[in-house]
Amino acid sequence: MAGRAVFAGLIFATALGAGWALAQERTAAAGRVPKPALAQAKGDKCVDPTDFMRRNHMQVLLHHRDRTMHEGIRTPQHSLKGCVECHAGPQSGTVVGGSDDFCQSCHAYAAVSIDCFECHAARPRQARAGARKP
Amino acid sequence: MKPVDPTRRQFLAAAGGAVSILTLAPGVLLLAPAHGRAPDQPVTGKVRWGLLIDTTKCAAGCADCVAACNRENGLSGGTRPTDPQWIRKVELKDRRPGRQASLPMMCQHCAQPPCVDVCPTGASFKRADGIVLVDKHICIGCRYCMMACPYKARSLVHEPVTGQSPDVPRGKGTVESCTFCVQRVDRGETPACVEACAAARHGAMVFGDLNDPASEIARRLAAYPSTRVRADLALDPGVRYQGI
Ligand code: SF4
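Report on the accompanying structure. (Residues numbered from 1 in each chain as written. Chains lettered and ligands numbered in written order. Predicted model: local features only at pLDDT ≥ 70, side-chain atom pairs only at ≥ 80, totals over all residues. Heavy atoms only, no water.)

Taken together, the neighbourhood of the ligand is formed by 14 residues, with Cys119(B), Cys139(B), Cys142(B), Arg143(B) and Cys145(B) sitting nearest. Tallied by class, the residues present in the shell around the ligand amount to ten nonpolar, three polar and one charged. (Near = heavy atom within 4 Å. Nonpolar A, V, L, I, M, F, W, Y, C, P; charged D, E, K, R; others polar.)

This part covers the interface of chain A and chain B. Each partner contributes to the interface: chain A provides 19 residues, whereas chain B provides 26 residues. At the boundary of chain A with chain B, total buried surface from both sides reaches about 2,000 Å², with 53% on carbon and sulfur atoms. The interface formed by chain A and chain B holds three salt bridges in total. The closest approach of N and O atoms between Lys81(A) and Asp167(B), which form a salt bridge, is 2.6 Å. Summed over the shared surface of chain A and chain B, the number is eleven residue pairs in polar contact (both at pLDDT 80 or more). Sort the elements by how many residues they give to the side of chain A that touches chain B and helix 2 (residues 50-71) of chain A lands first, with five residues. Its residues placed into classes, the side of chain A that touches chain B shows five nonpolar, four polar and ten charged. (Contact = heavy atoms within 4.5 Å. Buried area = accessible area lost by both parts, 1.4 Å probe. Salt bridge = Lys/Arg side-chain N within 4 Å of Asp/Glu carboxyl O. Polar contact = N/O pair within 3.5 Å; in protein donor to acceptor, adjacent residues only side chain to side chain. Helix = DSSP H or I, 4+ residues; strand = E, 2+ residues; numbered from the N terminus.)

Positive phi is not limited to glycine here, since Ala111(A) has a value of about 55°. Examined against the element boundaries, Ala111(A) turns out to sit in the loop between helix 4 (102-110) and helix 5 (116-119). Assessed through its relative accessible area of 69%, Ala111(A) is described here as exposed. Of note in this structure, Arg143(B) is not a glycine but carries a positive phi near 70°. Take Arg143(B): it is sitting in the loop between strand 7 (132-134) and helix 4 (144-148). (Buried < 20%, exposed > 50% of the residue type's maximum accessible area, 1.4 Å probe, protein only.)

And the structure:
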């Protein structure tokens with residue numbers, strides 16, 4: 001019994017130590033590791049917590065796209081149009097194109113190609129040059 | 001046919017695009033677009049969208065509907081064989097008596113769409129409310145549907161597209177056609193062509209619910225003769241013509 005407790009304690013200590021070392025390393029390397037430069041979004045907060053969106057935005061968008069396409073549900077929550085409206089860069093007016101633009105900066109960082117904007121508008125309607133008012 | 005009083009027409013047009021506000025309880029409002037569906041509810045088969053085109057009011061040489069379609073959907077307006085065209089103006093001539101007619105031709109939104117039958121991926125589909133669409137996420141650009149369509153309604157996008165409307169994603173390598181301006185219909189508006197035709201005072205197009213006997217389109221179809229193009233194919237198109 002005692003042996004097991006000691007063993008568990010050892011593991012705990014090791015984990016703690018590793019965590020500490022990792023944290024040290026992070027601080028040390030913060031200057032060297034390139035981080036995606038994300039422009040500030042327009043709204044005060046995202047439709048879902050940032051941690052959730054970081055990992056799951058693709059599933060969320062996929063689900064909403066099928067609902068929109070096949071069922072005509074065009075609610076703003078989880079719509080790609082909504083993402084673009086909020087996240088288009090304040091200067092560039094778009095989410096892809098420049099290395100600071102919201103979608104592109106992160107996708108370039110993660111080395112994941114992004115195909116949405118081959119077809120979808122990467123700019124909100126108002127920002128389009130010569131666009132008519134809806 | 002009795003001419004429609006223009007003020008009444010304007011009123012109807014305004015009402016068609018309007019949002020009705022229902023008071024459920026004091027202080028509680030329900031905003032319902034004209035199609036009577038809440039924005040978070042899926043489309044149902046209760047509605048079947050249809051379009052009636054009165055060719056006697058459609059002038060030869062007028063292409064207001066085509067221009068409005070191009071503007072709304074971000075088409076270039078080019079007419080080369082490789083340019084996507086969602087509406088084409090067609091001139092008909094009966095040689096012997098010399099009678100001429102002009103009409104817009106687009107996806108006929110068939111109840112039995114051959115494009116859906118042949119599509120190998122399931123990209124070509126009919127929405128529950130009768131609108132025939134291409135899910136471009138799934139389309140592989142094989143163009144079987146273009147072969148199958150007797151109305152020559154579909155186009156392949158041959159060249160890269162830029163500057164799309166946020167409501168109308170379009171891209172190279174996928175097939176597309178008239179959507180009845182589904183983005184507008186879902187907002188409770190009429191298709192851009194219908195709006196343009198009414199705004200220019202031609203009044204040759206009526207859009208509405210074929211399933212609702214009280215709708216203007218259903219009443220007109222019940223009262224006057226109309227034609228389904230290639231009725232012999234029994235596809236039951238949602239677009240009907242008068243005067244041909
Ligand atoms: S072109 Fe696209 S929509 Fe048409 S049949 Fe092929 S996969 Fe289906």
